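Given next are the chains, with one letter for each unit.
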Amino acid sequence: MSVFQNKAVRLMAACEAGSLNDLAERRRKLLLSALELYRAIGGSFEQLEAVIMRDEAEIPRRVDVVLGDLMSELAAIGYVYDLDIMQAAHNTLDSRRQEAADLAG
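This one's a predicted model, so the numbers in the text were calculated from it and none came from an experiment.

A. Focus on the overall build of the protein. In terms of regular secondary structure, the protein is built from five helices and zero strands. The N-to-C order of helical and strand elements in the protein reads α-α-α-α-α. With the C-alpha coordinates of the protein rotated into their principal frame, the extents come out at 50 × 35 × 25 Å. Burial status across the protein gives 13% buried among its 105 residues. Long-range pairs, those at least 24 residues apart, make up 50% of the contacts in the protein between residues at least 6 apart in sequence. Averaged over its 12 positive side-chain charges, the protein has a centre that lies 6 Å from the centre of its 17 negative ones.

B. The arrangement of helix H5 (residues 85-104) in detail. Its 20 residues give H5 an end-to-end C-alpha distance of 29 Å, which sits within 8% of 28 Å, the value for a rise of 1.5 Å per residue. Measuring from the backbone nitrogen of Met86 back to the side-chain oxygen at the start of H5 gives 3.0 Å, which picks out Asp84 as the cap.

C. Spatial organisation of the confidence of the model for the protein. Looking at the protein as a whole, its pLDDT mean stands at 87, while 98% of the residues score no less than 70. Model confidence for the protein, summarised as mean pLDDT per element, is weakest for helix H1 (residues 3-15) at 81 and strongest for helix H4 (residues 63-80) at 94.

D. Representation of unusual backbone geometry within the structure. The backbone of Asp82 sits at a positive phi, close to 55°, despite the residue not being glycine. Structurally, Asp82 is set in the loop between H4 and H5.

E. Quick look at the packing of aromatic side chains. Evaluated as defined, the whole model comprises zero aromatic pairs. Lying over the aromatic face of Phe45, Arg39 brings its terminal NZ or CZ to 4.1 Å of the ring centre.

F. Broad picture of a nonpolar patch on the surface. Judged by side-chain polarity, Leu37, Ile41, Tyr79, Val80, Tyr81 and Leu83 come together as a nonpolar surface patch covering roughly 650 Å² of accessible area. With respect to the helices and strands, Ile41 occurs in the loop between helix H2 (23-40) and helix H3 (45-53).

G. Expanded view of the side chain of Glu25. Locating Glu25 in the fold gives a position in helix H2. On the accessibility criterion, Glu25 (19% relative accessible area) is buried. Within the local environment of Glu25, its side chain forms a polar contact with the side chain of Arg28, the two groups lying 2.9 Å apart.

H. Molecular detail of the pattern of salt bridges. In total, this model carries six salt bridges according to the counting rule given. A salt bridge links Glu25 to Arg28; its shortest N-O distance comes to 2.9 Å. Taken as a pair, Glu25 and Arg28 lie in helix H2 at a separation of three residues, close to a single helical turn. Owing to a relative accessible area of 43%, Arg28 belongs among the partly exposed residues under this scheme. Glu25 is the salt-bridge partner of Lys29, the closest N and O atoms lying 3.9 Å from each other. In this pair, Lys29 and Glu25 both sit in helix H2, four residues apart, roughly one turn of the helix. Here Lys29 falls in the partly exposed class, since its relative accessible area comes to 30%.

Rules used in this analysis
Residues numbered from 1 in each chain as written. Predicted model: local features only at pLDDT ≥ 70, side-chain atom pairs only at ≥ 80, totals over all residues. Heavy atoms only, no water. Helix = DSSP H or I, 4+ residues; strand = E, 2+ residues; numbered from the N terminus. Buried < 20%, exposed > 50% of the residue type's maximum accessible area, 1.4 Å probe, protein only. Contact = heavy atoms within 4.5 Å. Lys, Arg positive; Asp, Glu negative; His and termini not counted. Charge placed at Lys NZ, Arg CZ, Asp CG, Glu CD. Expected span 1.5 Å × (residues − 1). Polar contact = N/O pair within 3.5 Å; in protein donor to acceptor, adjacent residues only side chain to side chain. pLDDT = per-residue confidence, 0-100. Phe/Tyr/Trp six-rings, centres within 6.5 Å; stacked < 30°, edge-to-face > 60°. Lys NZ or Arg CZ within 6 Å of the ring centre and 35° of its normal. Patch = residues over 30% accessible without salt bridge, like charges linked within 9 Å, V, L, I, M, F, W, Y side chains within 5 Å. Areas by Shrake-Rupley, 256 points an atom, 1.4 Å probe, with all protein chains shown as cover. Salt bridge = Lys/Arg side-chain N within 4 Å of Asp/Glu carboxyl O.

Encoded structure:
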């Protein structure tokens, strides 16, 4: 795993002890984050509805393949918005760690 991923997992283990391996919670948080990003970059509810309503008879692709596509799209969005996506991720983790420390202290 990458340095960022290790850092994220350690922080989540400390702050969300019971839910780190809870796939239902991971799916929920991923969906909420993805939808928020989709809206933040100008996605419409009409476009979203069209994607949700399409026939899903095909077999889902492997997680590693889909994750690779997701990371590629995040890289492209970071490029368009002139953002370093890994720095943004580290900043978020640092903020969460500080919030957890503030709550504990």
